[in-house]
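Examining the three-dimensional arrangement
Chain by chain, the residues:
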Amino acid sequence: MDQAQISLKNRRLPRLSALLLWCLFLCAVPARAADVPDVVLLTSGEWPPFYSEAMPGGGFANRVISESFALEGIKVQFEFVPWRRALETAARGPAVGSAGWLPMEDRTARFLFSDPVFESERVFFFRKDKPFDWRTLEDVRDLRVGVTLGSAEEFPFEEILGGKGGKLDVARDYVSGMKMLIAGRMDVYACNRAVGLFILANRIHAGEDLVVPHSRPIFSETNHLILSRREPFARALMDRFNSGLRKLRECGRYEDIRREYPSLR
């Protein structure tokens, strides 16, 4: 290495050191507020790759939630239950909140919503041998439309299908929904794009290659941690979570976590 290269390298070292120190500063654990618990219980349902008891860290989003709280000196315990029970257990206790919810009027009345944990899209899945296209939701009014139990209220399909030739089918879970679509018992299945692709790749073992997602989203969504308004420390706890989430993004750890879940790459 000649003298010019050594000089250039030496000039870069202070900058590199400054970046590392900045990241460490962002991720430093602050003193805990006296009214915020050291350990919190949250509920979660199954929505892989974002939320799943069988996945590392409980899924991508639960991993983000845990590490965001950890940066604030708070430990998270997750209880995995069906989604409807997850919401009610968070509202009534003993859990203080729940992971994985869209803002809706009836929910915002009972819960505080965090900054977005992630963004994603809901789409229609359909069979390749039964071509499907749409521009407005009125285009599905004569079809058998499938949704998953617990998410039906997030779509306006009952209004569209009511009194028309179509039908709304509610699957008990995402595997059942995809199997119903593959078997021809639905014409289209409304599902989160990443979730649907994960289910096809990892949970369906016959006919998964017959199904594809439509390129047009039904809607884009932000997904959030919620905390019950009944808890006196809810606002302080949410502030701590949002602070930890910002630090996780700013020091690059958020994207590192995402890369650990192949279906999100």
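The paragraphs below set out a description of the structure included in this document. The shown structure was predicted, so the numbers you read here are calculated from the model rather than taken from an experiment.

Let us now look at the side chain of Asn242. Tracing the chain through its elements places Asn242 in helix H8 (residues 234-250). Assessed through its relative accessible area of 9%, Asn242 is described here as buried. Contact partners of Asn242, with chain neighbours within four places excluded, come to Ser114 and Asp115.

According to the stated counting rule, one finds 22 salt bridges in the structure shown. The residue Arg122 makes a salt bridge to Glu221 at a minimum N-O spacing of 2.4 Å. Taken together, the residues Arg122 in strand S5 (residues 118-127) and Glu221 in strand S10 (residues 219-228) connect sequence positions 99 residues apart. Exposure remark for Arg122: the relative accessible area of 4% places this residue in the buried category. Among the residues examined, Glu221 registers a relative accessible area of 5% and is labelled buried. Put simply, Arg230 and Glu231 hold a salt bridge, and the shortest N to O gap is 2.4 Å.

Glancing now at helix H7 (residues 193-202). Inspection of H7 places Ala194, Val195, Gly196, Phe198, Ile199 and Leu200 among the buried residues, and these make up the whole buried set. The opening residue of H7 is Asn192, an N-cap whose side-chain oxygen sits 3.0 Å from the backbone nitrogen of Ala194.

Let us look at the packing of aromatic side chains. Tallying each qualifying case throughout the model produces 17 aromatic pairs. Considering the side-chain rings of Tyr51 and Phe118, the 6.2 Å spacing of their centres and the 50° angle between planes classify their relative orientation as tilted. Taken as a pair, Tyr51 in the loop between strand S1 (39-44) and helix H2 (60-70) and Phe118 in strand S5 lie far apart in primary sequence, 67 residues in all. The burial state of Tyr51 is the same as that of Phe118; both residues are buried. Note on Trp83 and Trp101: the rings are 5.4 Å apart at their centroids and 90° apart in plane angle, and the pair reads as edge-to-face. Here Trp83 is found in helix H3 (residues 83-92), whereas its partner Trp101 is found in strand S3 (residues 97-101), with 18 residues between them in sequence. Put simply, the rings of Phe124, Phe126, Phe132, Trp134, Phe155, Phe157 and Phe219 touch in pairs and so form one group of aromatic residues. Positioned above the aromatic ring of Trp134, the side-chain terminus of Arg216 is 5.8 Å from the ring centre.

Of the strand pairs in this sheet, S1 and strand S2 (residues 75-80) are connected by 6 bridges, and their pairing is parallel. Bridged to Leu41 within S2 is Gln77. Read from S1 through H2 to S2, the crossover connection turns out right-handed.

Let us look at the environment of Gly93. Checked against the element boundaries, Gly93 lands in the loop between H3 and S3. Here Gly93 falls in the partly exposed class, since its relative accessible area comes to 23%. Remark: the alpha-carbon pair of Gly93 and Arg230, spanning 137 residues in sequence, is separated by 9.2 Å. In contact with Gly93, other than residues within four places in its own chain, are Glu88 and Arg230.

Procedures and definitions
Residues numbered from 1 in each chain as written. Predicted model: local features only at pLDDT ≥ 70, side-chain atom pairs only at ≥ 80, totals over all residues. Heavy atoms only, no water. Helix = DSSP H or I, 4+ residues; strand = E, 2+ residues; numbered from the N terminus. Buried < 20%, exposed > 50% of the residue type's maximum accessible area, 1.4 Å probe, protein only. Contact = heavy atoms within 4.5 Å. Salt bridge = Lys/Arg side-chain N within 4 Å of Asp/Glu carboxyl O. Polar contact = N/O pair within 3.5 Å; in protein donor to acceptor, adjacent residues only side chain to side chain. Phe/Tyr/Trp six-rings, centres within 6.5 Å; stacked < 30°, edge-to-face > 60°. Lys NZ or Arg CZ within 6 Å of the ring centre and 35° of its normal. Pairing = 2+ DSSP bridges. Right-handed = clockwise from strand over helix to strand, strands pointing away.

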